[in-house]
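Tertiary structure, described
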Amino acid sequence: MIEFANLSRYRSELMGVAMIAIILFHIPLGRADAFFGLHRLGNVGVDIFFFLSGMGLWFAWGKRGEFLPFYHRRFARLMPAWLVMASLFYVPDFLGPRKYSPTLPNLLGDITLNLDFWRYDELTFWYIPAIMAFYLVAPFYMELIRRYPLYRWLPVLAVMWCVCVQWVVPIHQAVGHLEIFWSRVPIFFLGINIGEQVQQKQSLDRSALWLLLLFFVASFAACLYLEQVRHGKFPLFAERMLYIPMTVSALLLLGRLFEFVAAHWSRHASWLLRPLAFVGTISLETYLIHVHFVMKPIAQYHLGYWPTFLLTVVISLPLAWLLHQLTKPIVNFLSPHQSKSVNRKS
């Protein structure tokens, strides 16, 4: 059977897979390379993060959710690491070329809320303001679907909105620069939707395996063709709609695979699952560090795709672990009632 509970049981491992995919996506690679399409598909790691984060929020909200404690816990987990890395990135820029923060108010906006993402799509750390926005609206959505389950269909409306953002001219002119955000709204709320099935430990019949494989293969093949053959000739939001079935099917299949490995290859499971869980645990810190502080300096030496990837991983993970350890006491102080084993990317 395909157990929804595997999404929670192996959540850190799944986030580890997503983080590795994102690093693969960020490493520069020429269009003519045979791996180009697969490299581009690493972008689906962002959708995995949003889906699993949405699912985790359902658990965090609880049966009697309270808004202020919810916001306190979410932002207490996110802000310490973010403030450290945002300061390390934006303050030197302000003291030097001022490419990102031309004025002091702009600097403060970038460090605290990454406001330039909303103003003109400044993508340096775009995941952070996006997840902040999702945190703000998630409690309202969770209360809505708890009281009126029919509203679980709202992610379909979010897909319709993405179409409008792309092709309805007045809407595109107003908010089209935030396409990268709008196209991730459906997958985030689908993650919240599935939280109840995970919490109740529901499962799919064994026959669902073939349906999940069909969804994954069809969406994966379509995205691979679009990136390898048609890259740059279509609006990216359209491909991100294909990411939705690919993300959900891939996570359920990976959860089943990890369950099989843990049950039948228990002696060797730790060699696969523990490293992935480690990467998933420090995924927030790795996201903040790996591009601008590690990958870009290495890329200047033109070592090639795979050496650059390996060096980025080898250098980023210890730095991310160190940042995790340094900010952990602050997180625990701000959220003293939380479990010690939390993944702060949720």
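Now for a description of the structure that goes with this document. Note that the coordinates shown come from a computational prediction; the quantities given were computed from them, not determined experimentally.

In terms of regular secondary structure, the chain is built from 17 helices and 2 strands. For a compact globule of 346 residues, the expected C-alpha radius of gyration is about 20 Å, and the chain comes in at 20 Å, within 12% of that figure. In the chain, which comprises 346 residues, the share counted as buried stands at 51%. In the chain, 77% of the contacts between residues at least 6 apart in sequence involve partners at least 24 apart. Total accessible area on the chain stands at roughly 16800 Å², and carbon and sulfur atoms take up 69% of it. One finds the centroid of the 29 positive side-chain charges in the chain at a distance of 5 Å from the centroid of its 18 negative side-chain charges.

Attention now moves to the pattern of salt bridges. Evaluated as defined, the whole model comprises 9 salt bridges. Of the charged contacts in the structure, one is a salt bridge between R9 and E3, with a shortest N-O distance of 3.7 Å. Relative accessible area serves as the criterion here: at 44%, R9 is assigned to the partly exposed category. For E3, a relative accessible area of 25% corresponds to the partly exposed category. For E227, the salt bridge identified is with R40, shortest N-O distance 3.2 Å. Here the residue E227 occupies a position in helix 13 (residues 208-229), and R40 occupies one in helix 3 (residues 36-41), the gap between them amounting to 187 residues. Of the two residues examined, E227 and R40, each falls in the buried class. In the salt-bridge network here, residues are joined through shared partners; they are E143, R146 and R147.

Take unusual backbone geometry next. Even without being glycine, D121 reaches a positive phi, approximately 65°. Among the structural elements, D121 can be located in the loop between helix 7 (115-120) and helix 8 (127-147). Even without being glycine, H302 reaches a positive phi, approximately 55°. Position of H302 among the secondary structure elements: in the loop between helix 16 (283-299) and helix 17 (305-334).

A few words now on the nonpolar core. Residues F50 and I128 are the most contacted members of the largest nonpolar core, which totals 95 residues. Considering each element in turn, this core owes the most residues, 12 residues, to helix 8. When sequence neighbours within four positions are dropped, the list of residues in contact with F50 reads W126, Y127, A130, I131, F134, R184, I187 and F188. Ranked by size, the runner-up nonpolar core spans 5 residues in total, among them L41, C223, Y243 and M246.

What counts, and where the lines are drawn
- Residues numbered from 1 in each chain as written.
- Predicted model: local features only at pLDDT ≥ 70, side-chain atom pairs only at ≥ 80, totals over all residues.
- Heavy atoms only, no water.
- Helix = DSSP H or I, 4+ residues; strand = E, 2+ residues; numbered from the N terminus.
- Rg over C-alpha atoms; globule rule 2.2 N^0.38 Å.
- Buried < 20%, exposed > 50% of the residue type's maximum accessible area, 1.4 Å probe, protein only.
- Contact = heavy atoms within 4.5 Å.
- Areas by Shrake-Rupley, 256 points an atom, 1.4 Å probe, with all protein chains shown as cover.
- Lys, Arg positive; Asp, Glu negative; His and termini not counted.
- Charge placed at Lys NZ, Arg CZ, Asp CG, Glu CD.
- Salt bridge = Lys/Arg side-chain N within 4 Å of Asp/Glu carboxyl O.
- Core = buried A, V, L, I, M, F, W, Y, C linked by side-chain atoms within 4.5 Å.

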